[in-house]
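A structural walkthrough
These are the residues of each chain, in order.
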Amino acid sequence: MTIAGGADDTFRGKFSFRNSDAAIIRFPFPFHEDRYMYAVNLEPHTHAGPTDAFVRDFDVDEHYVAECRERALVLEQDPSRCRVLAHMMDAEWDTLELLMESLARDYPALFALDKDGARWRWRNRPLGIDATFTFGDPSTLPQPPFEYITRQVQGDFTLQDQRDDNIYIDGGMVTTQADWSLDFDLGMAFHEWHGPVPVAHDLGVFDRALKYLLRLQYGRPVRRLNWTMTVNPRLDTSPENYPIWGPDRATVTAGNVGERLHLRVELQTLFRLPRSNGILFGIRCYLISLNEILRVPKWRRRLHRVLRDLHPELVTYKGLSRYLPTAVAFLAAHDDGALTGPGI
Ligand code: HEM
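This report concerns the structure included in the present document. These figures come from a predicted structure and were not determined experimentally.

A few words on helix α11 (residues 297-308). Over its 12 residues, α11 extends 17 Å from the first C-alpha to the last, a length consistent with the 16 Å expected when each residue adds 1.5 Å. Among the residues of α11, W299, R301, R302, L303, H304, R305, V306 and L307 are the ones counted as buried. Next to the buried residues of α11 lie α1 (21-25), β8 (222-231), β9 (261-272), β10 (279-289), α10 (290-293) and α13 (324-332).

Written as structure tokens, this is what we have:
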């Protein structure tokens, strides 16, 4: 995957975001069968997967520069989208180390990290950064370590502290979220911040997921996929900015649904951190329009069937009610009824 091509994408205003053919082929399509229900869909985040998007710790693609620019814009308007509680400083440095080491290892043409004891030199070629700093000394960086490095990576991140047999969101960089607020959730425990999710609590999904995460081991990251839908290729669908994007939901018509409605997939990764024993949660967001989905016959059939039969409480929770019939009718016209086997 090259990162060239999408540097001028915008996720607001005229929405110039598009996926190249290569980006469509590597899209992390989330449905392995023709129906969907919540489950503890965690699996090892090994350097393997159904597409190239899964094979590195942190995926960098053609939208890299544009997404970093979008993050900077959100933070300029609302600096509180990045918040970390004071006791998480070790986890901040853990995050900086993990991200810099992973990016330099996985993309040597784009990033480089040189260490001379605690004196580190970091080069980020796409963003034109060449910085030398002292690991462990925040005064040698222009921003606190977590903010500094997550400004340079696609996707949101939260930092979890582990104590009292629970995990707590005690920090985050959250500028590309699907309608949840870091400001509101900061300091909450696992079941608390998942409070609004329907059905899954009754299925025991969160009890099992928490047990799994409490035992997450250093060096053995895990991942899962989550999805929703977004009108326009807009990354910042935060509750804080609901007045800006909420009305978009009423603009979807039979004539524009293919272009305007996007499947929004989150490739979520969880890493145990070495010094703090915290957990880094990465939420990497991918957008693909229905017109782009149409280009893959298996995906268009499957998305049609998943949306057509989606549990009503999930329809409401994901905010799809207003335009779902339009989307289903559009996709039905492209579903030839063929049987689709399991797998992506
Ligand atoms: C939704 C955070 C791990 C399953 C959410 C929401 C947040 C969140 C903020 C939105 C809740 C709202 O509506 O306000 C996190 C964080 C995690 C984590 C920070 C890591 C520590 C997990 C895991 C699972 C999971 C391991 C595994 C089953 C879900 C599900 C939803 C959800 C099913 C509903 C999503 C949807 O329908 O769009 N999560 N989560 N989460 N989470 Fe998590």
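After that view, the rundown keeps rolling.
We now examine the sheet that holds strand β3 (residues 111-116). Ordered in space as β3-β4-β5, the three strands form an open sheet in which the pairing is antiparallel. The outermost strands of the open sheet, each flanked by one partner alone, are β3 and β5 (129-134). Pairwise comparison of adjacent strand axes, ignoring direction, gives a mean angle of 15 degrees for this sheet. Taken together, the six bridges between strand β4 (residues 119-124) and β5 define a ladder with antiparallel strand orientation. Opposite R123, over in β5, you have D130 as the bridge partner. Along the sheet face, helix α3 (residues 89-106) touches β3, β4 and β5 and points at about 120 degrees away from the line of β3.

Let's shift gears to the coordination of the iron atom of the ligand. Just one protein atom coordinates the iron atom of the ligand, and that atom is H194 (NE2), at 2.0 Å. Here H194 is to be found in the loop between α6 (190-193) and α7 (205-214).

To continue, consider the site of the ligand. Near the ligand there are 24 residues, and of these Y38, W193, H194, Y317 and K318 occur at the shortest range. Y317 places a side-chain nitrogen or oxygen 2.4 Å from an oxygen atom of the ligand. Taking K318, its side chain carries an N or O atom lying 2.9 Å from an oxygen atom of the ligand. Only β6 (156-163), β7 (166-173), α6, α7 and β8 provide two or more residues apiece to the shell around the ligand. For the shell around the ligand, the leading source of residues is α7, giving four residues. Tallied by class, residues from the shell around the ligand come to 17 nonpolar, four polar and three charged.

The geometry of α11 relative to α13 is characterised by a closest axis approach of 9 Å and an angle of 145 degrees between their N-to-C directions. The element α11 and its partner α13 pack so that their crossing is left-handed. Across from R300, L303, H304, L307 and R308 in α11, the residues of α13 making contact are L324, V328, L331 and A332. Classifying every residue of the contact of α11 with α13 by side-chain character gives six nonpolar, one polar and two charged.

Residues W227, M229, L263, L290, L307 and L320 are the most contacted members of the largest nonpolar core, which totals 61 residues. No other element matches the six residues that α7 contributes to this core. Apart from the residues lying within four places of it in its own chain, the contact partners of L320 are W227, T228, M229, L307, L310 and V315. Of all hydrophobic cores here, the second largest spans 36 residues; its members include L99, Y107, M173 and L280.

A separate point is the environment of P79. Position of P79 relative to the elements: it lies in the loop between α2 (64-77) and β2 (82-84). Between the alpha carbons of P79 and T175 there is a distance of 9.9 Å; along the sequence they are 96 residues apart.

Moving on, we come to the sheet that holds β10. Overall, antiparallel pairing links the seven strands, which are arranged β1-β8-β9-β10-β6-β7-β2 in an open sheet. Strands with a single pairing partner mark the edges of an open sheet, and in this sheet they are β1 (43-44) and β2. Note that β6 and β7 share seven bridges and pair antiparallel. Following the sheet pairing, L159 is matched in β7 by G171. Seen against the sheet, α3 touches β2, β6, β9 and β10 and runs at an angle of roughly 130 degrees to β6.

Okay, the packing of aromatic side chains next. Using the criterion set out here, one finds 20 aromatic pairs in the structure. Ring centres of F11 and F17 lie 5.4 Å apart, and the angle between their planes is 45 degrees; this geometry places the pair in the tilted category. Classification of F17 as buried rests on a relative accessible area of 3%. Between the aromatic rings of F31 and Y36, the centroid separation amounts to 5.9 Å while the plane-to-plane angle is 80 degrees, which identifies the pairing as edge-to-face. For the pair shown, F31 and Y36 are each scored as buried. These aromatic residues form a ring-pair network of at least three members: F27, F29, F31, Y36, Y38, W227, Y286 and W299.

Turning to its location among the elements, T237 is positioned in the loop between β8 and α8 (242-245). Separated by 2.7 Å, the side chain of T237 and the backbone oxygen of Q177 make a polar contact. Residue contacts for T237: discarding those within four places in its chain leaves Q177, A178, D179, T230, W245 and R264.

Let us now look at the side chain of D236. Residue placement: D236 occurs in the loop between β8 and α8. Classification of D236 by relative accessible area gives buried; the value is 7%. Within the local environment of D236, its side chain forms a polar contact with the side chain of S238, the two groups lying 2.8 Å apart. Within the local environment of D236, its side chain forms a polar contact with the side chain of N241, the two groups lying 2.8 Å apart.

Criteria and thresholds
- Residues numbered from 1 in each chain as written.
- Predicted model: local features only at pLDDT ≥ 70, side-chain atom pairs only at ≥ 80, totals over all residues.
- Heavy atoms only, no water.
- Helix = DSSP H or I, 4+ residues; strand = E, 2+ residues; numbered from the N terminus.
- Expected span 1.5 Å × (residues − 1).
- Buried < 20%, exposed > 50% of the residue type's maximum accessible area, 1.4 Å probe, protein only.
- Contact = heavy atoms within 4.5 Å.
- Pairing = 2+ DSSP bridges.
- Axes fitted to C-alpha atoms, helices over the stretch in contact; angles between N-to-C directions.
- Donors = N, O, S within 2.8 Å, 3.2 Å for Na, K, Ca; no water.
- Near = heavy atom within 4 Å.
- Polar contact = N/O pair within 3.5 Å; in protein donor to acceptor, adjacent residues only side chain to side chain.
- Nonpolar A, V, L, I, M, F, W, Y, C, P; charged D, E, K, R; others polar.
- Left-handed = near helix turned anticlockwise from the far one by under 90°.
- Core = buried A, V, L, I, M, F, W, Y, C linked by side-chain atoms within 4.5 Å.
- Phe/Tyr/Trp six-rings, centres within 6.5 Å; stacked < 30°, edge-to-face > 60°.

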